[in-house]
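Single-letter residue listing:
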Amino acid sequence: MQNQSGCMKSLGPWLRSNIGRKQLIGITGLGLSGFVLTHMLGNMLILVGPKAYNEYAHALITNPLLIPAEIALLAMFVVHMVLAMLMALQSRRARVTQYAVAAHGPKGTSIVQKSLWAQGLLILVFMILHLITFKYGTVYMADYGNGEIRDLHRLVIETFQSPIYSAWYIVAVAVLGLHLSHGFGSTFQSLGLHHVRLQKPLRTLSIVYALIVAAGFISQPLYVLLNQ
């Protein structure tokens, strides 16, 4: 009990500090980045066919670890977003005076960095609508010889056949890519990788990672639209 009490006392100041919050944002962001990548790769099975896609989805939803994993993902997302918003508000309040001319070049703040909070809100809306559309959407069934399983492939195809939904999906995923292009690299910096020699490789890695994730997701509605 004393060890637990001491641990909580040491965590308190860390969580209240800017460094601690940045590190926690980085840790949760890294976890969410890993989920986004694996989710994209799994969804690419839509290009293979209904059987492969539906059996993959069935294996996920029947996994006993699904509920704990969903709770962990939700917790990471909430912590990541709440802390990011708190730090953004704290940063704004700290600016007693506004500069007449904004900084440019290496010292300047990019439009991607300035709009991180807005990107986060759009991604939140996208996630909610995404869950409503697919997880809790119309249930079709299919049988590949081992009993009926949900035909999620049919629902995805029907949904992406709508140009309006596909356009919204592509825009939202593009915003996710922008968010990752900054956040993925800054995660490592917040965890202590500040060396000047690492800045360019981390920036490159962040952009490449974001492009892979965004391109993978965007390819899915495009595949459906182009093969109607």
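For the structure itself, look to the data block above.
These notes cover the structure that comes with them. Remember, it's a predicted structure, so these values are computed and weren't measured experimentally. (Residues numbered from 1 in each chain as written. Predicted model: local features only at pLDDT ≥ 70, side-chain atom pairs only at ≥ 80, totals over all residues. Heavy atoms only, no water.)

## Section: the overall build of the chain
Reasoning step 1: Broken down by element type, the chain carries nine helices and two strands.
Reasoning step 2: Each helix and strand of the chain, placed in order from N terminus to C terminus, yields the pattern α-α-α-α-α-α-β-β-α-α-α.
Reasoning step 3: For the chain, the proportion of its 228 residues judged to be buried stands at 32%.
Reasoning step 4: When the accessible surface of the chain is totalled, it reaches about 14600 Å², and 69% of it is carbon and sulfur. (Helix = DSSP H or I, 4+ residues; strand = E, 2+ residues; numbered from the N terminus. Buried < 20%, exposed > 50% of the residue type's maximum accessible area, 1.4 Å probe, protein only. Areas by Shrake-Rupley, 256 points an atom, 1.4 Å probe, with all protein chains shown as cover.)

## Some details on a nonpolar patch on the surface
Reasoning step 1: Residues L74, V78, V82 and L86 make up a contiguous nonpolar surface patch of roughly 340 Å² in combined accessible area.
Reasoning step 2: Mapped onto the secondary structure, V78 falls in helix 4 (residues 66–94). (Patch = residues over 30% accessible without salt bridge, like charges linked within 9 Å, V, L, I, M, F, W, Y side chains within 5 Å. Salt bridge = Lys/Arg side-chain N within 4 Å of Asp/Glu carboxyl O.)

## Examining the packing of aromatic side chains
Reasoning step 1: Under the definition given, this model contains seven aromatic pairs.
Reasoning step 2: Centre to centre, the rings of F160 and Y165 are 6.1 Å apart; their planes meet at 45°, and the pair counts as tilted. Both residues of the pair, F160 and Y165, belong to the buried class.
Reasoning step 3: On the numbers, 4.9 Å between centres and 70° between planes, the contact of F160 with Y169 is edge-to-face.
Reasoning step 4: Members of the aromatic cluster, connected to one another through ring pairs, are F126, F134, F160, Y165, W168 and Y169.
Reasoning step 5: The ring of Y140 has R154 lying over it, and the distance from NZ or CZ to the ring centre is 3.8 Å. (Phe/Tyr/Trp six-rings, centres within 6.5 Å; stacked < 30°, edge-to-face > 60°. Lys NZ or Arg CZ within 6 Å of the ring centre and 35° of its normal.)

## Section: the environment of R203
Reasoning step 1: Here R203 lies in helix 9 (residues 196–226).
Reasoning step 2: Exposure remark for R203: the relative accessible area of 43% places this residue in the partly exposed category.
Reasoning step 3: Along the primary structure R203 and F184 are separated by 19 residues, whereas in three dimensions their C-alpha atoms are 8.6 Å apart.
Reasoning step 4: With near-sequence residues (within four places) excluded, R203 lies in contact with S181 and H182.
Reasoning step 5: At 2.9 Å, the side chain of R203 forms a polar contact with the backbone oxygen of S181. (Contact = heavy atoms within 4.5 Å. Polar contact = N/O pair within 3.5 Å; in protein donor to acceptor, adjacent residues only side chain to side chain.)

## Some points on the pattern of salt bridges
Reasoning step 1: Under the definition given, this model contains three salt bridges.
Reasoning step 2: A salt bridge links R154 to E158; the shortest N-O distance between them is 3.2 Å. With R154 and E158 both in helix 7 (residues 152–160) and four residues apart, the pair spans about one turn of that helix.
Reasoning step 3: On the basis of relative accessibility, which here comes to 35%, the residue E158 falls in the partly exposed class.

## So, helix 6 (residues 116–135)
Think of an α-helix as 3.6 residues a turn; residues three or four steps apart then line up on the same face.
Reasoning step 1: Here helix 6 spans 27 Å end to end across 20 residues, near enough to the 28 Å set by a 1.5 Å rise per residue.
Reasoning step 2: Listing the buried residues of helix 6 in full gives Q119, G120, I123, F126, H130 and F134. Projected onto a plane normal to the axis of helix 6, the buried residues spread over an arc of 120° and lie on a single side. (Expected span 1.5 Å × (residues − 1). Arc of directions from axis to C-beta.)

## Describing the side chain of H153
Reasoning step 1: Within the secondary structure layout, H153 lies in helix 7.
Reasoning step 2: Since its relative accessible area comes to 11%, H153 is described here as buried.

## Focus on the packing of helix 3 (residues 50–61) against helix 7
Reasoning step 1: Relative orientation of the contacting elements helix 3 and helix 7 amounts to 115°, with a least axis distance of 8 Å. Accordingly, the angle class assigned to the pair helix 3 and helix 7 is roughly perpendicular. Residues P50, Y53, N54 and A57 of helix 3 lie in contact with helix 7, whose contacting residues are L152, H153 and V156.
Reasoning step 2: Classifying every residue of the contact of helix 3 with helix 7 by side-chain character gives five nonpolar, two polar and no charged. (Axes fitted to C-alpha atoms, helices over the stretch in contact; angles between N-to-C directions. Parallel < 35°, antiparallel > 145°, perpendicular 65-115°, else oblique. Nonpolar A, V, L, I, M, F, W, Y, C, P; charged D, E, K, R; others polar.)

## Quick look at the nonpolar core
Reasoning step 1: Counting residues in hydrophobic clusters, the biggest one holds 30 residues, and the most contacted among them are V36, V156, F160, Y169, V173, L180 and F217.
Reasoning step 2: Going through the elements one at a time, helix 2 (18–43), helix 3, helix 6, helix 7, helix 8 (163–190) and helix 9 are the ones with two or more residues in this core.
Reasoning step 3: Setting aside residues up to four positions removed in sequence, V36 forms contacts with L176, L180, Y209, V213 and F217. (Core = buried A, V, L, I, M, F, W, Y, C linked by side-chain atoms within 4.5 Å.)

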